[in-house]
Each structure stands twice: as C-alpha cells, then as structure tokens.
Amino acid sequence: MAKKKEKSVNVSGKPKHSLDVNREAKGSKGGRSTATVRRLKMYNTRPKRDSKGKIIKHDLQSAELPSTRIQPDRRWFGNTRVVNQKELEFFREELQNRLSSNYNVILKEKKLPMSLLNDHQKQARVHLLDTEPFADAFGPKKKRKRPKLMVSDYESLVRKADGSQDNFEQQYGASASVEGNEVDGFRDLVRHTMFEKGQSKRIWGELYKVIDSSDVVIQVLDARDPLGTRCYHLEKHLKEHCKHKHMILLLNKCDLVPAWATKGWLRVLSKEYPTLAFHASINKSFGKGSLLSVLRQFARLKCDKQAISVGFIGYPNVGKSSVINTLRTKNVCKVAPIPGETKVWQYITLTKRIFLIDCPGVVYQNSDSETDIVLKGVVRVTNLHDAAEHIGEVLKRVKKEHLERAYKIKDWEDEDDFLVQLCKLTGKLLKGGEPDLRTAAKMILHDWQRGKIPFFVPPPREEVGSLVVPNEPEVEKDNVIDDDRASAARRAIANVISSQQLKDVPVQKDLFNENELRGELPGQLPTTEP
C-alpha cells in the first residue's frame, strides 16, 4: 500500500499565494505587484442582492448614501455650459456698453466666453434678432422674408444702381480707378526699400506675438510729434479683436518740448486713452513712479492671473527699450540713437507679478512722403543716398533763431546755401575746396533725430488751459470679487493719471527761450501737420 504524500506546510511565515497583498514581488517575470492584486480582488467583489435583484450590500457603496448611481449629464464629461440666446444677447449689450470707454477694466476675463461675445470678422454674420423677433425668424410661426428693394419696378432699380455707382466713383474713384498713382500718363517712381522699414512680414509677426502675449499694451509716442508717431491701425485692431486688453499712451522724450505743450497733449490724449508723460533715463527719469503705480494697480485688478504681461509697441526710435531700462534701472535691453536696434521681441522680468515685453518698431503703411519718414526717425541716416533733399523741410519746421543758435549761421537763401555755409564752418570740404553737402546734411539729420534741434508740434489751441480729469475706470465684477480692493485700485489709477497733469515736467532749458517755456507765444510756433 502506497504511502500518502504529506501536504507541505509553509512554516516560514512568508505569504506565497499569488493573490496575497503581502507577498513580495520578486524579480521574476510575471509577478503581480500589490496594486495589481488589489485591482483583481476589486473585480471579483460582487454586491449582495435580494430575491428581486435589489442591491442590499456592496463593499464600494457608501453607508451614508442610499444609492451611489450618478445621474447621466454631459456636464460631468466636458467643460461645457449652456446659455440661453436672450441671456447671451443681453450680456453682449452690457459688455459693449461697458467697453465703450477705454478706462474700463474687465476682471476674471478667463471665465468669460470671449469667443462667443466677440464675433470674428471672417465669421461675423447678420444678426437677424436685431431687426426681427425670434418667433418670426426661427420659431414654428416663422415668416418668409423677402428682400426689401425699396423699388416698384425694374426701371427704378436700374436708376438706383446707377446713382449708387456715381456716388461710389465720386467718393473713391480718384484712388480706385488709378492704379499705381498714375495721373496723366505719369507714374511715381518706385520707393527704395529702406523707406519700407518696419513694414515687413517678420516685423508684423513679432508685433502680433507681443499683442497676443500682453494683458496691457503701452504705445510709446514721441512727445515732439504724438499724432505723427501714433499707429491708429493697432488701436483699431485692439478695439475690434482684443477688447479685453488695455492700452496706455506714453509720451516719451517729454524733456525735448516745453512743459505746457506736454500738459496740453496729456489733456487731449487722456480723453481717448490713459496717458502718461515719461522721460527715459536711468539716473534722472520722470514718470517712472506713475507708470509703476498704474502697472501695480492693473496687477491687483487682474487677481485671477498669477502675473500680467505688459507689451511696449510704437514707431522705431521712440524709446521703447529705453523705457524698459528705466523701469529696471539697469541696461537690460540694447539701445542706440538709431532706428531698428531691436530685432526680435524679448521678455524682461520687472517683478514677480509684472513682466515686460520689448517689441521692434513697427510702421503702418500710410501716405507719408519720404521726407516725413526720415524726419520721424524710421530710416537710418547713414543709409540715405541723398540726405540733402530732406533739409528743406527741416528748415521749414524749425525756427530760424534755433538754427542760428545751433549752427552759428545768421542768414541764408535756401537749403543749398545753408548747407554750403555749414560746410565752410565745420570744414566738411572735398578736393578742391568743394563743400561736402551730403555729409553736412546727414549731420543735420542726426541732430534732428537725437533732439539737438528744438522742434515740436503744439497741441490744439482750444485745449490749452483746460483741465480734463479722467473718469474712474469701471470694472466688470461679480459678487465674489472684493469690491473694496477693486474700487481702491480704480481710484488709484484715476488719481495717478490726473495728478501727473499737475506735476512739473523737466525740460532742457538750453533748447528754448523763456517765452517759449512759458508758452506766451504759441502763435509763432510752426504749424506742421503730422
């Protein structure tokens, strides 16, 4: 009779079963980990049911809740919300009324469906509900709409079409019918590519990168010619497509114009956008504290964001990089008194909550002549082939006494005579004693761009002497937002903008006489159009 084989007993005390959680997972292939064992055991657990199939007890069921079944709802499986058409139209109207002023600020803009509130230009459609009720347009009792031709027969329709065509030709015919500015068989010469600086596709790409990344956009203007260095195309783009972004106008180089002219432009431009005066200098700056205060208040208002980004845009050579260096009190951006020094956009950290973005200078294509482009500082003077042709406009814009004081020339007949006398005084002569007109002209243009020749466009006369106090910026807010903090930030921004109009603006006194500094002779100032 064979002996029974005794069953081996585990005397070591270590678990060996494959479904034991405490079993050690050795390095052998196919070994189950602790998490795998627990998951398999969870699959094997079944609820206890009664004779009717109702669950009596389940290990994964909460003892407090009678039923753990989740009601099927699409809101649990996606980040979607449903809004009624009437509510959406009402919210659109309210937002449009609030954003009509550039001093208003939207809080927690990430929670707003901006894609629904702002129709893209390519996707914009006719809003039928503005003219017809919803029941007549889309309801079960909708009515068939017929085009309103406002005519009774075909003859009146033809006459109406002819009249519309005549009106269009009178308004746009001069520019639309003539291609390439061709008048009487003559066509303007093609401009050199240097006069198209700041208009390339790469530069505009850098600009839109800065605009998309910025919460606050600061447009830097030249205080000598604010309207001439202002880009209306960008302002229109922000109003139409980026209503949640805020723009601030910054009058840089305010030390090159009299104080009364700076304050006059502040009063005029503050009606449209928050405007501040600024003098970029690491050691002796003006307006730095006011600009930092406004940026801190914007950072407080944008409490839903960890940090805000501030983009600096504007014409070339208006001092965008110099403003950033002044705010940081160190040379973090490369600067030079020539246009086109900044090639690409760059991020600069101001504080933990404020980042600055430097942008290359951008020029919007307009009807400016080559002389206007040169005098606005868009083109480098060293690249000009014939700089003498632009000197005539300089002599028209600058007062005669300023030219006498700068170049020690008392009288001249025209720009050629002025350049010849300047060549003789400075020793700019060629072989045989011929005057070097090109070098002398470039020297004058260098002095013009660097502010050594006094020049400025005066503000409108009716605005001089009037005080405009900007309204407190209203804020879109809900009940969760702290009203005290938001209202305090709004009041601070309004106070900073209005108080700077009362401060003493620093001016280089050697550029102007006492009468011009006091503004007693505004009628004798050059009346040049930007």
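All of these numbers come straight from a predicted model, not from anything done at the bench.

## Digging into a negative patch on the surface
A cluster of like negative charges, contributed by E413, D414, E415 and D416, occupies part of the molecular surface. Examined against the element boundaries, D414 turns out to sit in the loop between α13 (400-407) and α14 (415-426).

## A short note on the layout of surface pockets
Taken as a whole, the largest pocket encloses approximately 630 Å³ of empty space. In terms of lining, the largest pocket is formed by 28 residues, of which the most central are K253, N317, G319, S322 and A336. No other element matches the 3 residues that helix α10 (residues 320-328) contributes to the lining of the largest pocket. Taken together, the residues of the lining of the largest pocket break down into 10 nonpolar, 12 polar and 6 charged.

## A word on the environment of T349
Residue position: T349 is located in strand β8 (residues 346-349). Placed 17 residues apart in sequence, T349 and V332 show a C-alpha to C-alpha distance of 9.8 Å.

## Examining the packing of aromatic side chains
This model, assessed by the stated rule, comprises 7 aromatic pairs. On the basis of an interplanar angle of 70° and a centroid distance of 4.9 Å, the ring pair of W412 and F418 is categorised as edge-to-face. For F418, a relative accessible area of 1% puts it in the buried group. Through a chain of ring-to-ring contacts, three or more aromatic side chains come together here, namely W345, Y347 and F355. Here K400 stacks its cationic end above the ring of W412, 5.5 Å away from the centre of that ring.

## Side note on helix α15 (residues 437-449)
In this model, α15 (13 residues) spans 18 Å end to end at C-alpha, consistent with the 18 Å of a helix rising 1.5 Å per residue. Along α15, the positions that sit buried rather than exposed are A440, A441, I444, L445, D447, W448 and Q449. Residues of α15 that are buried sit in contact with α11 (370-375), α12 (391-397), α13 and α14. Phi turns positive, to about 80°, at G451, one or two residues after α15.

## Overview of the pairing of strand β5 (residues 246-252)
Burial analysis of β5 places 7 of its 7 residues in the buried class, which makes it a mostly covered element. Both faces of β5 are covered, namely the face carrying H246, I248, L250 and N252 and the face carrying M247, L249 and L251. Note that the unit made of strand β4 (residues 216-222), helix α7 (residues 232-241) and β5 has a crossover that is right-handed. Here β5 runs beside strand β6 (residues 275-277); their pairing, made up of 3 bridges, is parallel. In the sheet register, L249 faces β6, and the bridge partner there is T275. Read from β5 through helix α8 (residues 259-269) to β6, the crossover connection turns out right-handed.

## What about the environment of T262?
When you line up the elements, T262 lands in helix α8. Separated by 38 residues in sequence, T262 and R224 have C-alpha atoms that sit 8.8 Å apart. Once residues lying within four places of it in the same chain are set aside, the contact partners of T262 are L251, C254, V257, A277 and V505.

## Some details on the sheet that holds β8
Spatial ordering of the open sheet is given by β6-β5-β4-β7-β9-β8, a layout of 6 strands whose pairing is mixed. Strand pairing shows two members of the sheet lacking a second neighbour, β6 and β8, which therefore form its edges. Taking the axes of each pair of neighbouring strands and ignoring which way they run, one obtains an average angle of 25° across the sheet. The sheet strands contacting α7 are β4, β5 and β7 (308-314), and the helix crosses β5 at an angle near 160°.

## Describing unusual backbone geometry
At K253, a residue that is not glycine, the phi angle is positive and equals roughly 60°. Looking at the secondary structure, you find K253 in the loop between β5 and α8. Positive phi, normally seen in glycine, also occurs at N317, with a value near 65°. Looking at the secondary structure, you find N317 in the loop between β7 and α10. Using a relative accessible area of 16% as the deciding quantity, one classes N317 as buried.

## Points about the side chain of D436
Along the chain, D436 falls in the loop between α14 and α15. Buried and unpaired, D436 has R438 as its nearest opposite-charge partner, separated by 6.6 Å. A polar contact is formed between the side chain of D436 and the side chain of T439, at a distance of 2.5 Å. If we skip the residues at most four places from it in the chain, D436 touches C423, K428, L429 and L430.

## Thoughts on the environment of I248
Along the polypeptide, I248 turns up in strand β5. Under the relative-accessibility criterion, I248 is labelled buried at 1%. Sequence separation between I248 and V216 is 32 residues, and the spatial gap between their C-alpha atoms is 7.6 Å. If we ignore the near neighbours within four places in the chain, the residues touching I248 are V216, V217, I218, Q219, P274, V294 and F298.

## As for empty space enclosed by the protein
Throughout the structure, instances matching the rule amount to 4 cavities of 30 Å³ or more. Quantified by volume, the largest cavity comes out at close to 80 Å³. Lining the largest cavity are 13 residues, with N102, Y103, P274, F298 and I493 sitting closest to its centre. Counting residues per element, the ones that place at least two in the lining of the largest cavity are β5, α9 (288-301) and α16 (483-499). Counting residues per element, the lining of the largest cavity draws most heavily on β5, which supplies 3 residues. The class makeup of the residues in the lining of the largest cavity is 10 nonpolar, 3 polar and no charged.

## Comments concerning the confidence of the model for the chain
Per-residue pLDDT for the chain has a mean of 76; in total, 75% of the residues score no lower than 70. The model gives residues 522-530 a pLDDT under 50, and that stretch makes 18 contacts with residues more than four places away or in other chains.

Definitions and limits used
- Residues numbered from 1 in each chain as written.
- Predicted model: local features only at pLDDT ≥ 70, side-chain atom pairs only at ≥ 80, totals over all residues.
- Heavy atoms only, no water.
- Patch = residues over 30% accessible without salt bridge, like charges linked within 9 Å, V, L, I, M, F, W, Y side chains within 5 Å.
- Areas by Shrake-Rupley, 256 points an atom, 1.4 Å probe, with all protein chains shown as cover.
- Salt bridge = Lys/Arg side-chain N within 4 Å of Asp/Glu carboxyl O.
- Lys, Arg positive; Asp, Glu negative; His and termini not counted.
- Charge placed at Lys NZ, Arg CZ, Asp CG, Glu CD.
- Helix = DSSP H or I, 4+ residues; strand = E, 2+ residues; numbered from the N terminus.
- 1 Å grid on protein atoms, 1.4 Å probe; cavity = no way out; pocket = protein on both sides within 12 Å on 5 of 7 lines; lining within 4 Å.
- Points joined across faces, edges and corners; volume = space filled by probe spheres on them.
- Nonpolar A, V, L, I, M, F, W, Y, C, P; charged D, E, K, R; others polar.
- Phe/Tyr/Trp six-rings, centres within 6.5 Å; stacked < 30°, edge-to-face > 60°.
- Buried < 20%, exposed > 50% of the residue type's maximum accessible area, 1.4 Å probe, protein only.
- Lys NZ or Arg CZ within 6 Å of the ring centre and 35° of its normal.
- Expected span 1.5 Å × (residues − 1).
- Contact = heavy atoms within 4.5 Å.
- Right-handed = clockwise from strand over helix to strand, strands pointing away.
- Pairing = 2+ DSSP bridges.
- Axes fitted to C-alpha atoms, helices over the stretch in contact; angles between N-to-C directions.
- Polar contact = N/O pair within 3.5 Å; in protein donor to acceptor, adjacent residues only side chain to side chain.
- pLDDT = per-residue confidence, 0-100.

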